[in-house]
Amino acid sequence: MTIRRTHIVGAGIAGLSAALAVTAEGGEAVLYEAAPQPGGRCRTIQPADGFIHDNGTHVLFTANRRALSLLKDVGARDRWIEPEPKGLPLHDLKTGTARRIGLSPWSWLLPSRRPDGLKFSDLSRIARLAFPSQDCPVAAIIGNRPIMDSLIGPLTVAVLNTPASEASASRLGLALRQMLWPRACRLLVARNGLGEDLVQPATETLQARGVPVLAGQRLRTLLTNGQRAIGLALTDRTVALGPDDRVILALPPYEIQRLLPTLPVPQGFEPILNVHYRIPGLARPRFIGFTGALAQWMLVRPDHVSITVSAAHDVIDLSADDLSQTIWREIAPTLQSLGLDAAIDRQPEARVVKEKRATIKQAANLLPLPPLRPLANLALAGDWLGSLPATIESAVVSGELAVAALRHARGAKLTVSRTSLQRRENAA
Ligand SMILES: Cc1cc2nc3c(=O)[nH]c(=O)nc-3n(C[C@H](O)[C@H](O)[C@H](O)COP(=O)(O)OP(=O)(O)OC[C@H]3O[C@@H](n4cnc5c(N)ncnc54)[C@H](O)[C@@H]3O)c2cc1C
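In this text the structure is predicted, and so the values were computed from the model without any measurement.

Within the chain, the regular secondary structure consists of 11 helices and 20 strands. Computed over the C-alpha atoms, the radius of gyration of the chain is 23 Å, within 12% of the 22 Å expected from 2.2 N^0.38 for a compact globule of 428 residues. When the backbone C-alpha atoms are referred to their principal axes, the chain occupies close to 70 × 55 × 40 Å. Considering the chain as a whole, with its 428 residues, one finds that 54% of them fall into the buried category. Intrachain contacts of the chain at a sequence separation of at least 6 include 69% that bridge at least 24 residues. Of the roughly 19100 Å² of accessible surface on the chain, 53% is carried by carbon and sulfur atoms.

Printed below as a string of structure tokens:
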């Protein structure tokens, strides 16, 4: 009897999700990851000096059902906590005002939870955004109204990592519709970090199911024969695929283009800038938004403070020192108001993480997308596939869909000999 194995390349969230889905059905999986550790764009950085922080703050919403279900499956759901159950604090650094807003439209029934400047006439525009008749930039629907600065602009950039002047109303609409359900808008963060509260529990669950997670194994070349994948040329080994084996490439679009150059993939990306300050913080995390400043979101943890600037193309190439100084001056007064020792002229040690290809650019035009199963025994996964915003949720969904797409894949009649595989690898 031949063993049917799913070879999953890329151990980001999409690859981990695919491996969990395969093994939940009783299948066998092997994960190959180019980096020294799994996690991809969701990772905890652990330098020798002990200043441990995530690459960037990741939030989930209770609307992200597949992501939460994955967390539950790996025993980590209760590690994601709601830092601001009474509404999201928003500080406008231009006017010096601060208020808490509700993210759910239902919460706006309470005047104290309404975003600044929300008028009755805005509601019909927000409804058009949730149910757009055709795709267009978010700004084309909302226009130049106060609600753009106080809610829609920041929300668009946070969800789509693309400015509202370009961002796809259809993609945002998908997210907004999911958030209409009661209690779907609760914002969650990892209590201790992405490694401890997401990647590690997922990896440990896979290892307990007998899945090898092989780090440091970059897929150099995909070996194909007609419409089938027949081998994987990795960093230090070549894996010959059996007749019933399947492959999932859970990789970013530029890697798919390198490996399968005829497939159409999105070409545009948006950066995210993250600055982490090493200061004694608060025992329980706090999450605060800013408008009228470079800093957009702040997560206060027990031993550091992390700042996120999404859609950061205008500033990503500035020097790390300039960025950390500018942002420190912006956030220090808010940190003081939380009771922390944060003098404006005493900037603490800072780490700047620039993720230049944080997500694809999610603009209001049709993105080139490849078929989900471009070869008979190979499917694609990754946050950039499909029409959901490119987030953890879409990465999880894409992993599950790739497994479903291969469920009825037919086996090959012939196996390929090792020598012919070697010949093909040399030719490639
Ligand atoms: C700073 C930042 C903040 C974010 N904030 C949020 C947020 O708040 N909420 C949210 O939901 N999402 C957020 N995201 C998006 C989220 O991180 C991604 O959507 C998700 O991690 C994508 O997972 P993925 O598996 O599709 O891709 P990736 O994480 O890119 O995984 C691909 C993996 O493949 C590996 N790889 C690449 N090439 C090869 C090869 N040739 N061979 C083998 N392995 C290879 C890579 O090393 C990587 O591990 C954020 C992203 C960033 C960068």
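Having seen the structure, we can now continue with the description.
Before going further, it helps to examine the sheet that holds strand S11 (residues 221–225). In any sheet, the strands associate via hydrogen bonds between backbone groups, in a parallel or an antiparallel arrangement. Pairing is antiparallel across the open sheet formed by 3 strands, whose spatial order is S11-S12-S13. Edge positions in the sheet fall to S11 and strand S13 (238–240), since each of these pairs with one other strand and no more. Here the strands of the sheet are splayed against their neighbours by 30 degrees on average, with no regard to which way each runs. Bridge count between S11 and strand S12 (residues 228–233): 5 bridges; the pairing is antiparallel. Residue pairing for S12: Thr-221 is matched across the bridge by Ala-233.

This part takes up the site of the ligand. Contacts to the ligand come from 31 residues, most closely from Glu-33, His-58, Val-59, Glu-255 and Asp-383. Between the ligand and Ala-14, the relevant distance is 2.9 Å, taken from an oxygen atom to a main-chain nitrogen or oxygen of the residue. For the ligand, a nitrogen atom lies 2.8 Å from a polar atom in the backbone of Leu-219. If the ligand stood free it would expose 1000 Å²; the protein chains cover 91% of that surface. Where the shell around the ligand is concerned, the elements lending two or more residues are helix H1 (13–24), helix H8 (253–259), strand S15 (269–277), strand S19 (350–360) and helix H10 (392–406). Classifying every residue of the shell around the ligand by side-chain character gives 14 nonpolar, 10 polar and 7 charged. When residues are assigned to domains, the shell around the ligand turns out to be shared by domain 1 (5–43 + 195–267 + 366–427) and domain 3 (269–360), each giving three or more.

To continue, consider the pattern of salt bridges. Applying the stated rule across the entire model yields 19 salt bridges. Salt-bridge contacts for Arg-351 lead to Asp-49; the nearest nitrogen and oxygen are separated by 2.4 Å. Of this pair, Arg-351 sits in strand S19 while Asp-49 sits in the loop between strand S3 (44–45) and strand S4 (53–54), and the two are 302 residues apart along the sequence. Overall, the relative accessible area of 37% leaves Asp-49 in the partly exposed class. With its nearest N and O atoms 3.0 Å apart, the salt bridge here joins Glu-400 to Arg-66. Taken together, the residues Glu-400 in helix H10 and Arg-66 in helix H2 (residues 65–73) connect sequence positions 334 residues apart. Exposure remark for Arg-66: the relative accessible area of 34% places this residue in the partly exposed category. Residues joined in a network through salt bridges with shared partners are Asp-49, Arg-278, Glu-349 and Arg-351.

Let us look at the environment of Thr-391. Note on placement: Thr-391 falls in the loop between strand S20 (378–381) and H10. According to the relative accessible area criterion, Thr-391 is partly exposed, its value standing at 31%. When the C-alpha positions of Thr-391 and Asn-64 are compared, they lie 9.6 Å apart, and in sequence the two are 327 residues distant. Beyond its immediate chain neighbours, meaning those up to four positions away, Thr-391 contacts Val-159 and Asp-383.

Turning our attention to the domain arrangement of the chain. According to the domain assignment, the chain contains domain 1 (5–43 + 195–267 + 366–427), domain 2 (101–182) and domain 3 (269–360). Distance from the C-alpha centre of domain 2 to the C-alpha centre of domain 3: 25 Å. The junction of domain 2 with domain 3 conceals about 660 Å² of combined surface from both sides, 58% of it contributed by carbon and sulfur atoms. Applying the counting rule to domain 2 against domain 3 returns 0 salt bridges. No other element matches helix H5 (residues 146–160), which puts 5 residues into the side of domain 2 that touches domain 3. Within the side of domain 2 that touches domain 3, the residues separate by chemical class into 5 nonpolar, 2 polar and 2 charged.

Pairing is mixed across the open sheet formed by 7 strands, whose spatial order is S8-S7-S16-S17-S18-S15-S19. The open sheet has two edge strands, strand S8 (97–101) and S19, and neither has a second partner. Taken pair by pair, the neighbouring strands of this sheet meet at an average axis angle of 25 degrees, ignoring direction. Strands in contact with helix H9 (residues 320–337) are strand S7 (88–92), S15, strand S16 (286–291), strand S17 (297–300), strand S18 (305–309) and S19; relative to S15, the strand with the most contacts, it is inclined by about 60 degrees.

Moving on, we come to the environment of Arg-100. For Arg-100, the location among the structural elements is in strand S8. Through-space distance from the C-alpha of Arg-100 to that of Arg-114 is 8.2 Å; in sequence the pair is 14 residues apart. There is a polar contact of 3.1 Å between the side chain of Arg-100 and the side chain of Glu-84. Within the local environment of Arg-100, its side chain forms a polar contact with the backbone oxygen of Gly-87, the two atoms lying 2.7 Å apart.

Bringing the nonpolar core into the picture now. Core analysis: the largest hydrophobic core is formed by 41 residues, its most contacted members being Ile-13, Leu-31, Leu-60, Trp-80, Leu-198, Ile-248 and Ile-392. Looking at this core, the elements with two or more residues in it are H1, strand S2 (28–33), H2, strand S9 (187–190), helix H7 (194–208), strand S14 (246–250), S20 and H10. Counting residues per element, this core draws most heavily on H1, at 8 residues. Ignoring any residue separated from it by four or fewer positions in sequence, one finds Ile-392 in contact with Ile-13, Cys-42, His-58, Leu-60, Ala-67 and Leu-198. Judged by nonpolar contacts, the second largest core, of 37 residues, contains Ile-101, Ala-167, Met-179 and Leu-187.

Conventions we followed
- Residues numbered from 1 in each chain as written.
- Predicted model: local features only at pLDDT ≥ 70, side-chain atom pairs only at ≥ 80, totals over all residues.
- Heavy atoms only, no water.
- Helix = DSSP H or I, 4+ residues; strand = E, 2+ residues; numbered from the N terminus.
- Rg over C-alpha atoms; globule rule 2.2 N^0.38 Å.
- Buried < 20%, exposed > 50% of the residue type's maximum accessible area, 1.4 Å probe, protein only.
- Contact = heavy atoms within 4.5 Å.
- Areas by Shrake-Rupley, 256 points an atom, 1.4 Å probe, with all protein chains shown as cover.
- Pairing = 2+ DSSP bridges.
- Axes fitted to C-alpha atoms, helices over the stretch in contact; angles between N-to-C directions.
- Near = heavy atom within 4 Å.
- Polar contact = N/O pair within 3.5 Å; in protein donor to acceptor, adjacent residues only side chain to side chain.
- Nonpolar A, V, L, I, M, F, W, Y, C, P; charged D, E, K, R; others polar.
- Domains from an automatic or database assignment.
- Salt bridge = Lys/Arg side-chain N within 4 Å of Asp/Glu carboxyl O.
- Buried area = accessible area lost by both parts, 1.4 Å probe.
- Core = buried A, V, L, I, M, F, W, Y, C linked by side-chain atoms within 4.5 Å.

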